[in-house]
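Observations on chain architecture
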Amino acid sequence: MLSDGEFHISIWKDGIEVWVTQMGPLMNMNTAFIDRTNGMVAIIDPFDSDLWELKLSEEGLNPTHLLYTHTHRDHAAGYPGMMEKYPDLEVWGHEDARVPDLVEHIVFRKVDFTNTWNCKPGETVGWSAGSISLSITHSPGHAPGHVTIHGHGVYHAGDLLFVRSAGRVDLPGGDPRAQQKSLITAKNILSELPSDWRLIPGHRYDEYNGGIPDWISIGEVLEYNYFLANITIPKDD
Ligand SMILES: [Fe+2]
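The structure reproduced in this document is the subject of the present report. (Residues numbered from 1 in each chain as written. Predicted model: local features only at pLDDT ≥ 70, side-chain atom pairs only at ≥ 80, totals over all residues.)

In terms of nonpolar packing, the biggest core is built from 54 residues, with Ala32 and Leu199 touching the most fellow members. Excluding residues within four positions of it along the chain, leucine 199 makes contact with Tyr155, Ala157, Leu161, Trp215, Ile216, Ile218 and Val221. (Core = buried A, V, L, I, M, F, W, Y, C linked by C-beta atoms within 7 Å. Buried ≥ 20, exposed ≤ 12 C-beta atoms within 10 Å, placed from the backbone. Contact = placed C-beta atoms within 7 Å.)

Shown next as structure tokens:
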């Protein structure tokens, strides 16, 4: 189990490094994909810009891209600090995550995306930087413009899915029906991925197998996640 700000580093078979860390009181999980050959460092939802700067600088690296699953305050906590330290960053999120009508609400934080994805709910688009190649799936429900991001052996679920549970839908901009559809989409995607890939949840919330793991294998999440195991298709669809 990762301590606050500790990094787990692995190298996928294509040479892309996958860094996973856990930070803050809500145990936010961050994932980064690193292509050293081309100098690309893409970080999902960085929580603490100082801890990220410290770790990356030890390795002689600078971030090049921030990828946002959604713009809830905790997921975007590191945004102001990252922009201060690295003003040339490309900042990506779904167009719907700009939430112009909700951005002043305490639950959200304003993120000025330099680039956006515009795919429809349930649709997946490709994203790449150097040799980093990811699939981005629009998965609204927990928050407008929520996306999941998968590639290089991991499925970063954001707050769509946790190890045993799924994201809440009662916050402003939440939509239970959209969430149900997003969970069905996720189940379909996960069912097609190798069962030994890791699902990284947006938070380390859930107990599983006598501990509170940082991640769960896709094979296990399909079997043991309460929502994925029991999902049904909405009646009028
Ligand atoms: Fe959230």
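With that settled, the discussion passes to unusual backbone geometry. Here the phi dihedral of methionine 27 falls at roughly 50 degrees; this positive angle occurs in a residue that is not glycine. Of the residues examined, methionine 27 has 19 C-beta atoms within 10 Å and is grouped as partly exposed. Not every positive phi belongs to a glycine, and asparagine 209 is a case in point at roughly 55 degrees. Summarising the element assignment, asparagine 209 is placed in the loop between strand 12 (198-201) and strand 13 (216-217). The class of asparagine 209 is exposed, set by 10 C-beta atoms lying within 10 Å. (Helix = DSSP H or I, 4+ residues; strand = E, 2+ residues; numbered from the N terminus.)

On to the sheet that holds strand 1 (residues 7-11). Read from one edge to the other, the open sheet built from seven strands follows the order 1-2-3-4-5-6-7, with strand pairing classed as mixed. One side of each edge strand has no neighbouring strand; the edge strands of this open sheet are strand 1 and strand 7 (115-117). Averaged over all pairs of adjacent strands, the angle between their axes in this sheet comes to 20 degrees, without regard to strand direction. Relative to strand 5 (residues 65-67), strand 4 (residues 40-44) runs parallel, the two sharing three bridges. Its bridge partner being in strand 5, isoleucine 44 is matched across the sheet by leucine 67. (Pairing = 2+ DSSP bridges. Axes fitted to C-alpha atoms, helices over the stretch in contact; angles between N-to-C directions.)

On to the pairing of strand 1, then. Note: strand 1 against strand 2 (residues 17-23), five bridges, orientation antiparallel. Note that in strand 2 the partner of isoleucine 9 across the bridge is tryptophan 19. Taken together, strand 1 and the strand that follows it, strand 2, pair antiparallel across an intervening segment of five residues, in which glycine 15 is found at a positive phi of about 95 degrees.

Working note: regular strand, side chains alternate between the two faces of the sheet. Burial analysis of strand 3 (residues 28-35) places eight of its eight residues in the buried class, the great majority of the element. Neither face of strand 3 is open: one carries Asn28, Asn30, Ala32 and Ile34, the other Met29, Thr31, Phe33 and Asp35, and all of them are buried. Of the strand pairs in this sheet, strand 2 and strand 3 are connected by seven bridges, and their pairing is antiparallel. Opposite threonine 21, over in strand 3, you have asparagine 30 as the bridge partner. The hairpin turn running from strand 2 into strand 3, its antiparallel successor, is four residues long, and glycine 24 in that turn takes a positive phi close to 90 degrees. Bridging between strand 3 and strand 4 involves five bridges; their strand directions are antiparallel. Following the sheet pairing, phenylalanine 33 is matched in strand 4 by alanine 42.

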